[in-house]
Amino acid sequence: MRYSELFLPTVREIPADAEIVSHQLMIRAGMIRKLTSGIYTYLPLGYRVIRKFERIVREEMNRAGAQEVYMPMVQPRELWEESGRWNHYGKELLRFKDRNDRDCCLGPTHEEVITDLVRNEIKTYRQLPRNIYQIQTKYRDEIRPRFGVMRCREFSMKDAYSFDADEEGVDISYKKMFGAYMRIFQRCGLRFRAVEADTGSIGGSFSHEFMVIADTGEDSLVFCSTCDYAANLEKAEIAIPEGRKVSGEEFVPLETVHTPDMKSIEEVSWFLSVQPRDVVKTMIYSADGIPVAVLVRGDTDVNEIKVKNYLNCDVLEMADDTMIYKATGAPRGFAGAIGIKARIIADYSLMNMTNFVMGANKEDYHVKNVNIGRDISVDSFADLRIARDTDLCPRCGGNLLFARGIEVGHVFKLGTKYSKAMKAVYLDKNGKEQYMVMGCYGIGIGRTVAASIEQNHDEHGIIWPLTIAPYQVIITPVNVNDEKIKIISEKLYASLLEKGVDVIVDDRDERAGVKFNDADLIGIPLRVTIGKKALSEQKMEVKIRKSGKVKILATDKVVDFILSYVNEGM
RNA sequence: CGGGGCGUAGCGCAGCCCGGUAGCGCGCCUGCUUUGGGAGCAGGAUGUCCCAGGUUCAAAUCCUGGCGCCCCGACCA
């Protein structure tokens, strides 16, 4: 490609509305432009990167035995009612009516469509297993799109769905996909971890997320310093204490104390001269409309996902003031477990606590010396709090490390959630009807590209790994008005093209500085500079974007050097 | 949905308080010079000042309503 003919609008200034580096650089490097909130156009340079990444995805999916299809984005309400998600998916599911007044939605994911297809076409165990995938546009009506293509409304995703005869089969399919994902992200040169994850609104029995490690990531990750354990913070387990051991301490009589306007744990513990860890936080939640009191130690925080999963409810939200008042008889800030009209569940951290402080269910009062068993009864103890760096690994007892991550892939073992809801069955060897056992596997295409930029950039711009770089080489004639330089760069351009190298020649009549800066910004891995000085000695310069190293090579060695560098990096 | 901010040339912004000819930098176009890290000089083009209504002799500026975008939070693949 000739730069002079490229539709590549680079921008010098940092766009005011771009927060994170990848967003800034994708705009500056002329990869994307915003149409409206959370909806982007990919320009030629950006789309080339997308295509390169998609190609890796396709190669690895095909290698793992998956087959590509292309499903519709517009989907009928009926399918979503069958799966039960028409009501449960929430506002992220964009719904609309067609001209015949039929309810439709834009697909945020394709479990319904694929399950419908497969149940109609696959009838016997002989046709199983199957793994079917697509790369398709999804629409999720995000509450707040941000970070460019990282969290947007319309985006491209690779989604695969596996159908197996039984549990054993789905475990094999899951492992294959897991392996394919490892290869995909390795080939992109990303630093990433697979972590245990919550299944969210997709559902299913267990899942792993593939997380690119980056400080700007929206997810918190926990991993063990000694064993392989790694999890999303929202999933990270905390080792169950060995049992209730009351530390010999005597139960002290209850005492109600006046705590005017002291609502937070900090205020109460300061006011009563105790440690936050001596106070119990009583959080009132509405679980499908029913009040539940969740008790955690004052120095820890409730993990709502754990609570939601423990209660197995559809909607879990903080109770509103009315519900709090009904349950406790007091305004927000003074809830406690004594006499509360709600189910009480407590985090394991309460098992060893004695004579603690909690709200009195009365405005401006707290109670001291509360004890479980004597003063309150707890329905059950469970792991309900967010893991902290002082916690130990639930598997081996090692120390936990924390990091931020960008979720680029997610693999789910779905089980029979959708096949049961939508009656996707086959006949087994005995002629008996069985539910297919499913898995689903997603990769965010645009997001992976953005994550790669988060990890690979410097103050000058993007630093693409060779495997997904829009072009592998850029030739920079320092001055196109110099006939000799021009002829030689054209010659090099032609011979690289002939060898199948993705090459761009910057034939613009611009000053060298402009070309160098643009080349750095768009992040091409190799830059060949053709200038008067080196040329007079029959030499050219090859600069490696990543290391910044410059090689001065004899003119006739340049093509060979590039070919071996490129082949090694792919 | 709650809180905050912004909307003026392609981009980044000033002007708005205190109403009176719409500006700056970058980019763009033309010419000359220049040519190894975002050139210099000279000349030039470009605006429904987000939209609608109101106040006023006069509105980018004041008032009302709307729309859009961004940030924080709640929420979530």
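Above this note sits the structure.
Bear in mind that the values here come from a model prediction, so they are computed numbers and not experimental data.

### Remarks on the overall build of chain A
From N to C terminus, chain A includes 15 helices and 31 strands. If one aligns the C-alpha atoms of chain A with their principal axes, the spans along those axes are about 95 × 65 × 50 Å. When burial is assessed residue by residue, chain A has 52% of its 570 residues classed as buried. Contacts spanning at least 24 positions in sequence make up 69% of the contacts within chain A whose residues lie at least 6 apart. Roughly 26800 Å² of accessible area belongs to chain A as shown, and the carbon and sulfur atoms make up 49% of that amount. Averaged over its 79 positive side-chain charges, chain A has a centre that lies 4 Å from the centre of its 83 negative ones.

### Details of the packing of aromatic side chains
As enumerated under the stated definition, the model contains eleven aromatic pairs in all. Here Y174 and F206 contribute two aromatic rings whose centre-to-centre distance is 5.0 Å and whose plane-to-plane angle is 65°, an arrangement assigned as edge-to-face. Of this pair, Y174 sits in helix α6 (residues 167-187) while F206 sits in strand β10 (residues 206-213), and the two are 32 residues apart along the sequence. In this structure F206 comes out as partly exposed when scored by relative accessible area, which is 33%. Among the aromatic residues, those joined into a cluster by ring pairs are F178, Y181, F185, F192 and F210. Lying over the aromatic face of F223, R193 brings its terminal NZ or CZ to 4.8 Å of the ring centre.

### Quick look at the pairing of strand β24 (residues 437-444)
Here β24 lies mainly inside the structure; eight of its eight residues are buried. Here β24 shows two buried faces, one formed by V437, G439, Y441 and I443 and the other by M438, C440, G442 and G444. Pairing of strand β8 (residues 154-164) with β24 involves eight bridges; the strand directions are antiparallel. Counted as the bridge partner of M157 is G444 from β24. Here strand β21 (residues 400-415) pairs with β24 via six bridges, running antiparallel.

### A short note on the packing of helix α1 (residues 21-28) against helix α11 (residues 445-455)
Two elements in contact, α1 and α11, have axes separated by 8 Å at closest approach and are oriented at 105°. In terms of orientation, α1 lies roughly perpendicular with respect to α11. Counted together, V21, S22, L25 and M26 of α1 and V449, A450, I453 and E454 of α11 form the full contact between these two elements. Its residues placed into classes, the contact of α1 with α11 shows six nonpolar, one polar and one charged.

### Some remarks on the protein's contact with RNA strand B
Residues in contact with RNA strand B amount to 38 residues; listed here are only the nearest, E92, R140, E407, D520 and E541. Here a base nitrogen of RNA strand B sits 3.3 Å away from a polar atom, N or O, in the side chain of D518. D520 is positioned with one of its side-chain polar atoms (N or O) 2.4 Å from a base nitrogen of RNA strand B. At the level of secondary structure, the elements contributing two or more residues to the surface near RNA strand B comprise β1 (32-36), β21, α13 (512-522), β29 (526-530) and β30 (539-544).

### A closer look at the sheet that holds strand β20 (residues 380-382)
Within the open sheet, the five strands sit side by side as β16-β14-β15-β17-β20. Their pairing is mixed. Among the strands making up the open sheet, the edge pair consists of β16 (316-318) and β20. The average angle at which neighbouring strand axes cross in this sheet is 35°, direction not considered. Pairing between strand β14 (residues 280-287) and strand β15 (residues 290-297): eight bridges, direction antiparallel. When the sheet's bridge partners are listed, M283 is paired in β15 with V294. On top of the sheet, helix α9 (residues 321-328) reaches β14 and β15; it is set at about 115° to β14, its chief contact.

### So, the sheet that holds strand β5 (residues 95-97)
Within the open sheet, the three strands sit side by side as β4-β6-β5. Their pairing is antiparallel. The sheet is open, and its two edges are formed by β4 (74-76) and β5, each paired on a single side. Across this sheet, the average inter-strand angle for adjacent strands is 40°, counted without regard to direction. Relative to strand β6 (residues 103-106), β5 runs antiparallel, the two sharing three bridges. Bridging from a neighbouring strand, F96 pairs with C104 of β6.

### Considering the packing of helix α2 (residues 44-63) against α6
Where α2 contacts α6, the axes come no closer than 9 Å and their chain directions differ by 150°. Compared by their axis directions, α2 and α6 come out roughly antiparallel. In this structure, α2 meets α6 at a crossing whose hand is right-handed. Contact with α2, carried on its side by F53, I56, V57, E59, E60, M61 and R63, involves M177, A180, Y181, R183, I184, F185 and R187 of α6 and no other residues of that element. Residue classes in the contact of α2 with α6 are distributed as nine nonpolar, no polar and five charged.

### Some words on the nonpolar core
Ranked by internal contacts, the top residues of the largest apolar core, which has 62 residues, are M31, F53, Y181, F185 and W464. When residues in this core are grouped by element, the largest group, seven residues, is from α2. The two domains that each donate at least three residues to this core are domain 1 (16-190 + 413-453) and domain 3 (471-569). Sequence-distant contacts of W464, defined by excluding residues within four places in its chain, comprise M31, V49, V449, S452, I453, A469, P470, I522, G523 and P525.

### Observations regarding the pairing of strand β11 (residues 219-224)
Among the six residues of β11, six are classified as buried, and the element is accordingly described as predominantly covered. Relative to β21, β11 runs antiparallel, the two being bridged by six bridges. Of the residues in β21, the one forming a bridge with L221 is A403. Direction of pairing for β11 relative to strand β12 (residues 230-232): antiparallel, over a ladder of three bridges. Residue pairing for β12: L221 is matched across the bridge by N232. Between the antiparallel neighbours β11 and β12 lie five residues.

### Observations regarding the side chain of N232
Checked against the element boundaries, N232 lands in strand β12. Among the polar contacts listed, one links the side chain of N232 to the side chain of D219, at a separation of 3.3 Å. Ignoring sequence-local partners within four residues, the contact set of N232 consists of V195, E196, A197, E209, M211, D219, S220 and L221.

### Details of the pattern of salt bridges
Counted by the stated rule, this structure contains 41 salt bridges. Taking the shortest distance from any N to any O, the salt bridge between R297 and D299 comes out at 2.8 Å. Among the charged side chains, a network of salt bridges with common partners joins R55, E59, E60, R63, R183 and R187.

Cut-offs and rules
Residues numbered from 1 in each chain as written. Chains lettered and ligands numbered in written order. Predicted model: local features only at pLDDT ≥ 70, side-chain atom pairs only at ≥ 80, totals over all residues. Heavy atoms only, no water. Helix = DSSP H or I, 4+ residues; strand = E, 2+ residues; numbered from the N terminus. Buried < 20%, exposed > 50% of the residue type's maximum accessible area, 1.4 Å probe, protein only. Contact = heavy atoms within 4.5 Å. Areas by Shrake-Rupley, 256 points an atom, 1.4 Å probe, with all protein chains shown as cover. Lys, Arg positive; Asp, Glu negative; His and termini not counted. Charge placed at Lys NZ, Arg CZ, Asp CG, Glu CD. Phe/Tyr/Trp six-rings, centres within 6.5 Å; stacked < 30°, edge-to-face > 60°. Lys NZ or Arg CZ within 6 Å of the ring centre and 35° of its normal. Pairing = 2+ DSSP bridges. Axes fitted to C-alpha atoms, helices over the stretch in contact; angles between N-to-C directions. Parallel < 35°, antiparallel > 145°, perpendicular 65-115°, else oblique. Nonpolar A, V, L, I, M, F, W, Y, C, P; charged D, E, K, R; others polar. Near = heavy atom within 4 Å. Polar contact = N/O pair within 3.5 Å; in protein donor to acceptor, adjacent residues only side chain to side chain. Left-handed = near helix turned anticlockwise from the far one by under 90°. Core = buried A, V, L, I, M, F, W, Y, C linked by side-chain atoms within 4.5 Å. Domains from an automatic or database assignment. Salt bridge = Lys/Arg side-chain N within 4 Å of Asp/Glu carboxyl O.

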